[in-house]
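Observations on the three-dimensional arrangement
Next come the chains, spelled out residue by residue.
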Amino acid sequence: DAGITQSPRHKVTETGTPVTLRCHQTENHRYMYWYRQDPGHGLRLIHYSYGVKDTDKGEVSDGYSVSRSKTEDFLLTLESATSSQTSVYFCAIRNGTGGYGYTFGSGTRLTVV
Amino acid sequence: QQQVKQSPQSLIVQKGGISIINCAYENTAFDYFPWYQQFPGKGPALLIAIRPDVSEKKEGRFTISFNKSAKQFSLHIMDSQPGDSATYFCAASKKGGGNKLTFGTGTQLKVEL
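Everything numeric in this text was worked out from a predicted model, so none of it was measured.

What counts, and at which threshold
- Residues numbered from 1 in each chain as written.
- Chains lettered and ligands numbered in written order.
- Predicted model: local features only at pLDDT ≥ 70, side-chain atom pairs only at ≥ 80, totals over all residues.
- Heavy atoms only, no water.
- Salt bridge = Lys/Arg side-chain N within 4 Å of Asp/Glu carboxyl O.
- Buried < 20%, exposed > 50% of the residue type's maximum accessible area, 1.4 Å probe, protein only.
- Helix = DSSP H or I, 4+ residues; strand = E, 2+ residues; numbered from the N terminus.
- Pairing = 2+ DSSP bridges.
- Disulfide = S-S within 2.5 Å.

**Observations concerning the pattern of salt bridges**
All names here are of chain A. In the structure shown here, the tally under the stated rule is 6 salt bridges over all chains. For the salt bridge of R36 with D38, the shortest nitrogen-to-oxygen distance reads 2.7 Å. As far as the burial class goes, R36 and D38 line up, both buried. A salt bridge links K70 to D73, with the shortest nitrogen-to-oxygen separation between them at 3.3 Å.

**A look at the pairing of strand β4 (residues 32–38) of chain A**
All names here are of chain A. Summarising burial for β4: 7 of the 7 residues are buried, a large majority. Every second residue of β4 is oriented toward a common face, with M32, W34, R36 and D38 on one face and Y33, Y35 and Q37 on the other, all of them buried. In this structure, β4 lies alongside strand β5 (residues 42–51), joined through 7 bridges in antiparallel fashion. Directly across from W34, in β5, lies its bridge partner H47.

**Observations regarding the state of the cysteines**
For the coordinates displayed, the defined rule picks out 2 disulfides over all chains. Between the sulfur atoms of C23 of chain A and its disulfide mate C91 of chain A the distance is 1.9 Å. Given an S-S torsion of about -75 degrees, the disulfide between C23 of chain A and C91 of chain A has left-handed geometry. Of this pair, C23 of chain A sits in strand β3 (residues 19–25) while C91 of chain A is found in strand β9 (residues 87–96), placing the two residues 68 residues apart along the sequence. Of the two residues, C23 of chain A and C91 of chain A, neither departs from the other in class, the shared state being buried. Across the disulfide, C23 of chain B is cross-linked to C90 of chain B (sulfur-sulfur distance 1.8 Å). Of note, the bridge from C23 of chain B to C90 of chain B carries an S-S torsion of about -90 degrees and is left-handed in sense. One end of the pair, C23 of chain B, is in strand β3 (residues 19–25); the other, C90 of chain B, is in strand β9 (residues 86–92), and 67 residues separate them in sequence. Taking the relative accessible area as the measure of exposure, C23 of chain B reaches 3% and is therefore buried.

Following this line, the structure appears as structure tokens:
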């Protein structure tokens, strides 16, 4: 969708292992975001980036880290996966309508067993 | 603290009827209020958005009504169709601080024949 891809689309991992999810954009947008989606909670912001090497925490950042070494790539790392991090993860770019419109990727379904 | 409260959690409407989803917000600094539509297995997609300087915005069968004094906004879907069956999220954002979107918890809409 609109030049944003997430990988992998699905992943099953074991408790305690590190996991990295990738978000790649082709449109050179400055702002990128990682959200998680859980039933009853909607979408909650984990971390976001406002430029290369510029990142900040969202409301549910504990247990997650991010990196952005290139404009096009925004990585989300679960340092030591827990069952509570089983979720669907969405990456988004801010690309305009009214200045605040987001375009989301197709998501990564992560299961921690 | 849920800054954007959305109701109902689920909604069943007959084909041709009007679907209404409501949201309330707390932060008076919010100045952008989008609605997102999400189909199963897909990322949310921007449907329609409004700024607080207008009370209503219409795009085709979709209308946002905005009540600044009550800190409420709603999505109306006229002539609802089975293809409108999806999950809808309201959201809010303010200038600065990464222009982060805060989402409601979502409404699962089913339009029956």
